[in-house]
Amino acid sequence: MPVKTIAGKEINVTEEGYLEDMNQWNEDVAKAIASELNIDLTDKHFEVLNFLREKAKNGETLTIRQVGKSGIVDIKEFYKLFPKGPMKFASKIAGLPKPTSCV
Amino acid sequence: MKKLIILGAGTAGTMMLNKLYHELDQNEWELTIVDQSKEHYYQPGFLFIPFGIYKKKDVIKPKYNFFPPGVNVIFSPIDRVEGENNKVYLENGQTLDYDFLIIATGTQTRPSETPGLQDKLWYKDIFDFYTLEGALKLHDKLKEWEGGDLIMCIPELPYKCPVAPIEFVCLADDYFTKAGIRDKVNIKYATLMSGAFTKPIASKMLGDMLAEKNIEIIPDFYLESVDNDAKKIISYDGREVDFDLLTIVPVNMGSDMIARSGLGDDMNYVKIDKQTLQSVHFDNIFAIGDAGNLPTSKAGSVAHFSGEILFENILAAIDGRELKAKFDGHANCYIESGKGKATLIDFNYDTEPLPGEYPLPGIGPFSLLKETKMNHYGKLIFRWIYWHMLLKGKELPVEANMSMVGKKVS
């Protein structure tokens, strides 16, 4: 399991850079991962990230459509915050596993 | 008398009814099945209708043909389940009591979830093939169509039969080649996934297969709306794709009855334990088939395999024993690839589709992740197996949980 230094912290990550343990996450870690993806985190970003983390703690995984119904952002805004792959990038920055689609 | 009710008489519900009918003592148990429609559709056959390979008569039989004697059959839409009081309310005004309840109400297409989809081009230049009506109308369209941009679009996960759109574009390639107009047709595959399929090895194999057939994949395309005037589909990140003919898998959702009963997730799929299939809310409610929120394919094979597990667990629950049978998410899909060939994938929650032979190593007769004529015959003969064995709850000579035997791990 690769160990990566993120925001001065030794963190276990997958080969694609997703955190192995969501409890190793903090806001500085989020900012560091986001800057690698060329995203500057705003309060709105953190609202979404905290929502995803809250759901993940309850064992729920979300789709883009469900985030769009969260009341925090609609789908278009979600794309603007995390361009190209909102679910993949938001999960990575939120310290959550890579979203799996169950086909 | 103790009462067991099955909601939904599709593939999963009918199969469970037959299995339980043969096992439960008819002097002790009253079995009831509820459905809103009297016709049973062989849904895997819908895919072949647009190309004239199957006709309407090949995919419909009366539901009554598959119900054992002596069970209560009620044709009515369902209003809701009241789990606290073990009651089911039907729209025909009846109220049913139960000791055990199996929900098998499936998944439905919801074109209304996508703006512009069910507008003036619906069933003129835009079609689904997940309903009999859509498949038949698409058949009429293909007979007269002279070519242009054919876009296959997948806007949301999960959806029923994840390989059907891949099969559709392969069969379309074959169909237009035979019609002598393949050079006038651009086939494109716009999907919210990052490739032809979700799991890496199958995605690569199926992606290569589409490339060989000159079918372009447009990945990560999350559909926002359809512009009927400009004949474009538009994604949330602002990309636009022109179409002359659009075939689409409309957003899938479970029955609204699930939402009214408070038993489901945001997409109206019944929240169940992914191994035991028991409702997370009530110990005497189970779900099977597309109606549940299992993180695996919505497919007949999954209904079949998980049916074996549910059968054991229902009997255990009736006796008050621990639910020992655990489902592993096993799915098995024949993928029709055109020109009389098909490929096959076999996988579960933890193991992605791998190459090899199925079900027996070195013998097969079916090949995994490889196009063969034998796989195609497997797909065709399945229709007979479906009507004569699967629905009637007879055992098939394959394991319920996935086996690594015959699979090649690199």
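Residues numbered from 1 in each chain as written. Chains lettered and ligands numbered in written order. Predicted model: local features only at pLDDT ≥ 70, side-chain atom pairs only at ≥ 80, totals over all residues.

**Student:** I'd love a proper account of the overall build of chain B, names of residues and values included.
**Tutor:** Regarding its fold elements, chain B presents 7 helices and 24 strands. Expected size for 410 residues packed as a compact globule is a radius of gyration near 22 Å; at 21 Å, chain B falls within 12% of this value. Expressed as lengths along the three principal axes of its C-alpha atoms, the size of chain B is roughly 65 × 50 × 40 Å. Taking the contacts inside chain B whose residues are at least 6 apart along the sequence as the reference set, 65% of them involve residues at least 24 apart. (Helix = DSSP H or I, 4+ residues; strand = E, 2+ residues; numbered from the N terminus. Rg over C-alpha atoms; globule rule 2.2 N^0.38 Å. Contact = placed C-beta atoms within 7 Å.)

**Student:** Mind laying out the sheet that holds strand 9 (residues 100-103) of chain B, listing which residues take part and the relevant values?
**Tutor:** Residues and elements named next belong to chain B. Strand order across the open sheet formed by 5 strands is 5-2-1-9-20, with parallel pairing between neighbours. Of all strands in the sheet, those bounded by a partner on one side alone are strand 5 (72-75) and strand 20 (285-287). Taking the axes of each pair of neighbouring strands and ignoring which way they run, one obtains an average angle of 15° across the sheet. Here 3 bridges tie strand 9 to strand 20, and the two strands are oriented parallel to one another. For I103, the partnering residue across the bridge sits in strand 20 and is A287. The strands touched by helix 1 (residues 11-23) are strand 1 (2-7), strand 2 (29-35) and strand 9; relative to strand 2, the strand with the most contacts, the crossing angle is about 170°. (Pairing = 2+ DSSP bridges. Axes fitted to C-alpha atoms, helices over the stretch in contact; angles between N-to-C directions.)

**Student:** Hey, could you go over the pairing of strand 24 (residues 364-368) of chain B for me, with residue numbers and the actual values?
**Tutor:** Residues and elements named next belong to chain B. As paired elements, strand 23 (residues 356-360) and strand 24 share 5 bridges and run antiparallel to each other. Its bridge partner lying in strand 24, P359 is registered against P365. Taking the residues between adjacent antiparallel strands as the criterion, strand 23 and strand 24 are bridged by 3 residues, where G362 takes a positive phi near 80°.

**Student:** Tell me about the nonpolar core, and name the residues and values.
**Tutor:** Counting residues in hydrophobic clusters, the biggest one holds 133 residues, and the most contacted among them are B:M16, B:I103, B:A104, B:C153, B:V169, B:F286 and B:I288. Setting aside its immediate chain neighbours within four residues, B:F286 contacts B:I102, B:I272, B:L277, B:Q278, B:S279, B:L310 and B:I314. (Core = buried A, V, L, I, M, F, W, Y, C linked by C-beta atoms within 7 Å. Buried ≥ 20, exposed ≤ 12 C-beta atoms within 10 Å, placed from the backbone.)

**Student:** Requested: an account of the pairing of strand 14 (residues 215-218) of chain B, with residues and values cited.
**Tutor:** Residues and elements named next belong to chain B. On strand 14, burial follows the alternation: I215 and I217 on one face are buried, whereas E216 and I218 on the facing-out side are not. Relative to strand 14, strand 13 (residues 185-191) is paired through 4 bridges, and the arrangement is parallel. Following the sheet pairing, Y189 is matched in strand 14 by I217. On the question of chirality, the crossover connecting strand 13 to the parallel strand 14 by way of helix 4 (residues 200-212) is right-handed. (Right-handed = clockwise from strand over helix to strand, strands pointing away.)

**Student:** Outline the domain arrangement of chain B, listing residues and values.
**Tutor:** Residues and elements named next belong to chain B. Structurally, chain B comprises domain 1 (2-108 + 254-319), domain 2 (110-252) and domain 3 (331-390). A C-alpha centroid distance of 26 Å is found between domain 1 and domain 3. With 11 residues of domain 1 in contact, the opposing surface of domain 3 contributes 8 residues. Per-element tally for the side of domain 1 that touches domain 3: the top contributor is helix 6 (residues 300-319), with 3 residues. Of the residues assigned to the side of domain 1 that touches domain 3, the class counts are 5 nonpolar, 5 polar and 1 charged. (Domains from an automatic or database assignment. Nonpolar A, V, L, I, M, F, W, Y, C, P; charged D, E, K, R; others polar.)

**Student:** Explain helix 5 (residues 86-93) of chain A to me, using residue names and the numbers behind them.
**Tutor:** All names here are of chain A. For helix 5, a buried count of 6 out of 8 residues is recorded, marking the element as mostly surrounded by other parts of the structure. If you check which residues of helix 5 are buried, you get P86, M87, A90, S91, K92 and I93. Those residues of helix 5 hidden inside the fold are in contact with helix 1 (27-36), helix 2 (43-57), helix 3 (64-68) and helix 4 (75-81). G95 sits one or two residues past helix 5 and shows a positive phi near 75°.

**Student:** Kindly report on unusual backbone geometry, identifying the contributing residues and their values.
**Tutor:** Residue and element names in this part refer to chain B. The omega angle of the peptide bond from L157 to P158 is -5°, so this bond is cis rather than trans. For P158, the location among the structural elements is in the loop between strand 12 (148-154) and helix 3 (164-178). Following G364, the chain continues to P365 via a peptide bond in cis, the omega torsion being 15°. Tracing the backbone through its elements, the reader meets P365 in strand 24. The phi torsion at Y123 lies on the positive side, around 65°, for a residue other than glycine. Tracing the sequence through the fold places Y123 in the loop between strand 10 (107-109) and strand 11 (126-127). Positive phi values are uncommon outside glycine, yet N214 reaches one of about 60°.

**Student:** Which residues make up the confidence of the model for chain A, and what values do they have?
**Tutor:** Taken as a whole, chain A shows an average pLDDT of 90; of its residues, 96% reach a score of 70 or greater. Taken element by element, the predicted model of chain A shows its lowest mean pLDDT in helix 3 of chain A (87) and its highest in helix 1 of chain A (96). (pLDDT = per-residue confidence, 0-100.)

**Student:** Talk me through the packing of helix 1 of chain B against helix 6 of chain B; I want residue IDs and the actual numbers.
**Tutor:** Residue and element names in this part refer to chain B. Contact geometry of helix 1 with helix 6 gives a least axis separation of 10 Å together with a crossing angle of 35°. The interaxial crossing formed by helix 1 with helix 6 has right-handed handedness. Mapping the contact onto sequence places T11, A12, M15, M16, K19, L20 and E23 in helix 1 and G300, A303, H304, G307, L310, F311, I314 and L315 in helix 6. Residues of the contact of helix 1 with helix 6, tallied by class, amount to 9 nonpolar, 4 polar and 2 charged. (Left-handed = near helix turned anticlockwise from the far one by under 90°.)

**Student:** With reference to specific residues and values, describe the interface of chain B and chain A.
**Tutor:** Across the boundary between the two partners, chain B contributes 15 residues, which contact 14 residues of chain A. Across the side of chain B that touches chain A, the residue classes break down as 8 nonpolar, 3 polar and 4 charged.

**Student:** Lay out the packing of helix 2 of chain A against helix 5 of chain A with the relevant residues and their values.
**Tutor:** Between two packed helices, the angle of one axis relative to the other and the distance separating the axes together describe the packing. Residue and element names in this part refer to chain A. Across the interface, helix 2 lies against helix 5 with an axial gap of 9 Å and an inter-helix angle of 80°. Between helix 2 and helix 5, the interaxial angle falls into the category roughly perpendicular. On the side of helix 2, the interface is formed by V48, L49 and L52, while helix 5 contributes A90, S91 and I93. A class-by-class count of the residues in the contact of helix 2 with helix 5 yields 5 nonpolar, 1 polar and no charged. (Parallel < 35°, antiparallel > 145°, perpendicular 65-115°, else oblique.)

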